[in-house]
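Chain by chain, the residues:
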Amino acid sequence: MTEPAPAQTATTNLTRLLCLAVAGAAIIFGFFSISSFLAQAWLPGPALAAAAWAASFGLPVTLGLSVRWGSRRILHGIVLAEVICFVVILGFWLVARAGPLPVDADIPWVITFTGVPCVAVAIFARERLAWAFAVFACTLSAWVRFATSAEANPALVGLADGLYSLLLVSVFVSLTLAARRAAARVDEATLLTRQAEEHRAARVARRQERLTIDALVHDSVISTLLMAGLGRTLPAVVSEHASKTLTQLDALRAPPVQPVVLVSEVVGRIERLVHQIAPDAAVRVENPPRAGEHTAVERTVPSVAVTGILGAVGEALRNSVVSAAGPTTAAGAATIRRVRRTVTVLSTPDGFQVTVSDNGVGFDPARVPPQRLGIAQSIVGRMDRVPGGAAHVRSAPGRGTDVVVAWAPNRRAQAVPALAALATAATTLVEPNPLLELVETPRPIFANAPRPLVEPVETPHPALTNARTPHERRATERRPESPAPSWTDTDTDTDPDTDPVSLARTLDLTTPMARLILALFVLVHGLLAILALVPGRPLALIAGAYLAIMLSGVTLMRRTAHPFPRAQVAVALVLSGLGAVMMFAYLPAHSSAPFAHWHLGAITLILLVLAARGQIRSAWMGYAVLAALALAWAVSTGQPAFTGTQLVSRHAGTLLAGSLFVVGLGRSERDLRVLNQVDLARARRDATTVAAIDERKAALVRVNALARPTLLRLAEPHALTAAERTQCLLIEATLRDVIRGRVLFVPPVIAAVNAARQRGVEVTVLDDSAESPPEQLDTLARTVADVLDSTEHGRITVRVLPAGRANVATLVIDSGVPCILTVGPDGVLRG
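Residues numbered from 1 in each chain as written. Predicted model: local features only at pLDDT ≥ 70, side-chain atom pairs only at ≥ 80, totals over all residues. Heavy atoms only, no water.

Some remarks on the side chain of T300
By secondary structure assignment, the location of T300 is in strand β3 (residues 300–302). At 2.9 Å, the side chain of T300 forms a polar contact with the side chain of D686. Apart from the residues lying within four places of it in its own chain, the contact partners of T300 are V260, V261, L262, V263, W407, D686 and V690. (Helix = DSSP H or I, 4+ residues; strand = E, 2+ residues; numbered from the N terminus. Polar contact = N/O pair within 3.5 Å; in protein donor to acceptor, adjacent residues only side chain to side chain. Contact = heavy atoms within 4.5 Å.)

Structure follows, in structure tokens:
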């Protein structure tokens, strides 16, 4: 059995997106590192150097390509290999490549990849481990920079470079961990919502089904017993009514058409079918049906779909048995060919799929004669006639045959785009549904499907409300049910409380970690500004640039509502632009100071945070202005325009990787909303159906246990004795207790009520508690039973009160001296 397919949750979908983001970042930074790599690849040899660069670039890309099919263990292995490769390459630089690099290429190409393995670790590891590795990687990066720097003060350069790397890596690691926490909260909220909806739907379905059974019991069973007990009806008429009642009970016990079938039952039928037709075939069940982590009830499949699937699978198996081994020889003996057959069953929230595969001789489907109806009608045509059904036959001469049969009711809603490469386009969190690959044109969902046993419900039906007692209606008015959370497929302007994984709305920049990153931002760029000082230039310009850029960063850290205020965006951009202008005015045409253009990286980080807060367009507008300023500075100082372009292009990868991640996350939010809406409706439908079936079974068992033996005797025409009539009246009264006093239909009360009635006491049991029975029900039952046992004659009415009252029950006794007794929540009887 293969590993079950992961559920469509925010966490698993976010993991896919983050892995693709790592792959995209590797492509981006790998492209920008080519020039440095070519200038530094002379030792220990071009081949080994190329292999190291390819591993640094290829392992993250492999992670992105593997996320669609790889298990979590495989993805962990790729990340571990990426970490080991990165550390080994840095160690090689420290051991074998220590020494100053050329001035124009003094930044080792490997440290440009520092953030990639750090984010990869943050995708899967615990937060402490992710931060520990980030600090370790940046420390190694700083050490390599120190060992290879050609500057006059390499220690200070290595320290500044390491701190800047830590700052940049911290931003991406923080975004990754924040998204993981948001996804975990969404999964928890989604699970609670699904369970609440399942509970509500099941509760209302049970009540509706109970009313259906109660109506039958009242109109048929109780009326027949009452006719027999009163002795005013001819035995032949009583016999006829009893026979009709038994027929109605049998019809409910074994409905002629079962509207839905549990997935586990479908799997069992498929296994029996395979054993009958092809006993040597192996049956594999992927994602086995069971109530588990994400749902409290088992999934179901409409019976019409089950019939079509079984018929198509049976035809596919028969064709395989007859034809897969190849044609017979002239002598009539079959060509020797061992055929392996596999039947794979896949059950997911999106539908149900069966694949019949063999490694036989195969055939060309295009050359099948039109008069052969096995494929066209018995497989493909059969499933085309099933609402939500589809079938596809894949085969080629000498390559075996695969017959895929599927039922996917929500094909149109589930048709989300496939994951695209993050380096070229934004991605989605949703993995394409394998059941949808069979579909070419959408069709109406359940256009001709049979009506389910009980319709899925969100709120009680008006007929159900009208059927309640006045006490029930008043109780319901006092306790209104909260409306179910509604998942709406809207665009980005949705309610923050219902937005699944909104990074812009969950990114809290007022946490201690965010403040620590801000402090690091101020410290690092203060150090870089000091290193960029040029003797003889106006100190006020660089100081003003530093203050403006720092204030811009502080502006983005304030807690604000969503969407991010435009005025605050404008302030951040204006301050960043002002800082850039002042810094460009400060810099001479050719500056030998290290980190002379520190302001470009600082402003890029500000724009990255702005994009993460949902302002991607504003971030790129700011970057365009920054690029224009760099270009103008280069031209105004007599340098080639390419120089200005080269300065800002170094930081484009940072903003591009962050922007693509945010865009992909935003699109995935909308797809996840659609999936949650469909999943919630499916859970509600399944809970409704299963609860109705369970309630019907339980009610029929109870009615048959109480009344069937007597009804069988009444079905045979004969004059009833006084004892038989008395027995009919006792059973009739007991069935009324089941309907009117359900919560007290428990062994102590049942025995006490029957004993009291046999003594001649008229007992009435009423339940006004609706769906909120008393918490101390056992204590209440014992108290009521004691009062009944002590009553020798007269009348007694027991009533369970609606929830929220000071008392849980009242007992009105008319046994010579009328009195009313109350029972408190603690079960104590009060006069």
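Let us keep going from here.
Let's talk about the packing of helix α7 (residues 154–230) against helix α19 (residues 598–612)
Geometry of a packed helix pair, given as the angle between the helix axes and the separation of the axes. Where α7 contacts α19, the two axes come as close as 12 Å, and the packing angle between them is 5°. The pairing of α7 with α19 is recorded here as roughly parallel in orientation. Packed against α7, whose contacting residues are Y164, L167, L168, V171, F172 and L175, the element α19 presents G601, L605, L608 and A612 at the interface. Of the residues assigned to the contact of α7 with α19, the class counts are 9 nonpolar, 1 polar and no charged. (Axes fitted to C-alpha atoms, helices over the stretch in contact; angles between N-to-C directions. Parallel < 35°, antiparallel > 145°, perpendicular 65-115°, else oblique. Nonpolar A, V, L, I, M, F, W, Y, C, P; charged D, E, K, R; others polar.)

Quick word on α7
Relative to the 114 Å expected for 77 residues at 1.5 Å per residue, α7 spans 109 Å between its end C-alpha atoms, a close match to the ideal helical length. Phi for G231, located one or two positions after α7, is positive at around 70°. (Expected span 1.5 Å × (residues − 1).)

As for the pattern of salt bridges
All told, the structure shown has 19 salt bridges when counted by the stated rule. With a closest N to O distance of 3.3 Å, D280 and R341 form a salt bridge. Of this pair, D280 sits in the loop between α9 (263–277) and β2 (282–286) while R341 sits in strand β4 (residues 341–348), placing them 61 residues apart in sequence. When its relative accessible area of 10% is taken as the criterion, R341 is described as buried. With a closest N to O distance of 3.7 Å, R759 and E792 form a salt bridge. Here the residue R759 occupies a position in the loop between α24 (747–758) and β8 (762–767), and E792 occupies one in the loop between α25 (777–790) and β9 (795–800), the gap between them amounting to 33 residues. Overall, the relative accessible area of 32% leaves R759 in the partly exposed class. Members of the salt-bridge network, linked through shared partners, are E197, R200 and R684. (Salt bridge = Lys/Arg side-chain N within 4 Å of Asp/Glu carboxyl O. Buried < 20%, exposed > 50% of the residue type's maximum accessible area, 1.4 Å probe, protein only.)

Looking at the sheet that holds strand β12 (residues 829–830)
Two pairing modes exist for strands in a sheet, parallel and antiparallel, and in both the strands are linked by backbone hydrogen bonds. Taking strand neighbours across the sheet as the criterion, the 5 strands line up as β8-β9-β10-β11-β12 in an open arrangement whose pairing is mixed. The two strands at the open ends of the sheet, each matched to only one other strand, are β8 and β12. (Pairing = 2+ DSSP bridges.)

Considering the pairing of β4
With 7 of its 8 residues buried, β4 lies for the most part within the structure. Both β2 and β4 contribute to a ladder of 5 bridges, which runs parallel. Within β4, the position partnered with R284 by the bridge is T344. Pairing of β4 with strand β5 (residues 351–358), which is carried by 8 bridges, proceeds in the antiparallel orientation. Along β5, the bridge assignment pairs L346 with Q353.

Observations concerning α25
For α25, with 14 residues, the first-to-last C-alpha span of 20 Å sits near the 20 Å given by 1.5 Å per residue. Considered for burial, the residues of α25 that qualify are L780, A781, T783, V784, A785, V787 and L788. Buried residues along α25 sit against α24, β8, β9, β10 (809–814), β11 (819–823) and β12.

Topic: the sheet that holds strand β6 (residues 389–395)
Within the open sheet, the 5 strands sit side by side as β2-β4-β5-β7-β6. Their pairing is mixed. Strand pairing shows two members of the sheet lacking a second neighbour, β2 and β6, which therefore form its edges. When the angles between neighbouring strand axes are averaged without regard to direction, this sheet yields 15°. As paired elements, β5 and strand β7 (residues 401–407) share 7 bridges and run antiparallel to each other. Residue pairing across strands places Q353 opposite A406, the latter belonging to β7.

Focus: the packing of helix α1 (residues 10–32) against helix α5 (residues 115–124)
α5 packs onto α1 with a crossing angle of 175° between their chain directions and a minimal axis gap of 10 Å. What the angle tells us is that α1 and α5 run roughly antiparallel. Across from T15, L18, C19, V22, A25, A26 and F29 in α1, the residues of α5 making contact are V116, V119, A120, I123 and F124. Looking at side-chain class alone, the contact of α1 with α5 contains 11 nonpolar, 1 polar and no charged residues.

Function cannot be inferred from these measures alone, as they are strictly geometric.
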